Amino acid sequence: MHRSLLLVCLLTLGFVTPAVAADACDVLAAKVIRVTGASLAGRTGDFAVFRAQDAERMSLDCRNPARITLASLDREPNTAYFTLVGLAARALTGAEPAEAEVLALNLHQDSLLAKAPRRGGTGPALMQCETGPRADALAGDLTVCRVVPVKRVIGLSHRRRAG
């Protein structure tokens, strides 16, 4: 009992943050695996890489804010890619998978038309999808969607006061 109290105190003071962060990333990676059906390909620090049948690359960055990146070699991936994006949004943010899938499809189409990245949100998920040649670390991937959780402002209240 005393050890658990000591652990809570140390966590509160921030003395075991790296270990807790690693554990939190493990938990999140396990959730991504469970929800998407992907398998873990590797993990280093705050980054996890997955194997997924419907994406060329799928990675999780556990740093705050956590984010998932999914990439396809196709300029116009099949619908299974967008289904996977929806499931990844569910795993990371709790978003409704079907709504996140539709958002990813719409952002992708808008990006094709505008020839520029497009952003949008659904529930607790923010998403950016882009198409076209890339010059960054994802060079060669013609479609990339990233999902991040919506930041909630804590402590603000919208209550009315009497009088």
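Structural data are supplied above this passage.
Residues numbered from 1 in each chain as written. Predicted model: local features only at pLDDT ≥ 70, side-chain atom pairs only at ≥ 80, totals over all residues. Heavy atoms only, no water.

(A) Structural detail: the pairing of strand 1 (residues 39–44). When strand 1 meets strand 2 (residues 47–52), the two strands line up antiparallel, connected through five bridges. What sits directly across from Gly42, in strand 2, is Val49. (Pairing = 2+ DSSP bridges. Helix = DSSP H or I, 4+ residues; strand = E, 2+ residues; numbered from the N terminus.)

(B) Main features of the pattern of salt bridges. The final tally for this structure, using the stated rule, is five salt bridges. A salt bridge links Arg67 to Asp61; its shortest N-O distance comes to 2.9 Å. With a closest N to O distance of 4.0 Å, Arg90 and Glu96 form a salt bridge. Residue classification places Glu96 among the partly exposed positions, given a relative accessible area of 42%. A single network of salt bridges, built from pairs that share partners, joins Asp61, Arg63 and Arg67. (Salt bridge = Lys/Arg side-chain N within 4 Å of Asp/Glu carboxyl O. Buried < 20%, exposed > 50% of the residue type's maximum accessible area, 1.4 Å probe, protein only.)

(C) Fine view of the state of the cysteines. Enumeration over the complete set of coordinates arrives at two disulfides. Between the sulfur of Cys25 and that of Cys62 lies a disulfide, 2.0 Å long from S to S. Between Cys25 and Cys62, the S-S dihedral sits near 70°, and the bridge is therefore right-handed. Remark: Cys62 occurs in the loop between strand 3 (55–61) and strand 4 (67–72) and Cys25 occurs in helix 2 (residues 17–36); sequence separation between them is 37 residues. Just as Cys25 is buried, Cys62 falls in that class too. Between the sulfur atoms of Cys129 and its disulfide mate Cys145 the distance is 2.2 Å. The sign of the S-S torsion, about 115°, decides the handedness of the disulfide formed by Cys129 and Cys145: right-handed. Taken together, the residues span a long stretch of sequence, with Cys129 in strand 6 (residues 125–131) and Cys145 in strand 7 (residues 143–149) at a distance of 16 residues. The connectivity of the disulfides in the protein is 1-2, 3-4, where the numbers refer to bonded cysteines in sequence order. (Disulfide = S-S within 2.5 Å.)

(D) Geometry of unusual backbone geometry. Omega for the peptide link from Asn64 to Pro65 comes to 0°, which places this bond in the cis form. Relative to the helices and strands, Pro65 is located in the loop between strand 3 and strand 4. With phi around 55°, Lys115 is a residue other than glycine that occupies positive phi space. Within the secondary structure layout, Lys115 lies in the loop between helix 4 (97–114) and strand 5 (118–122).

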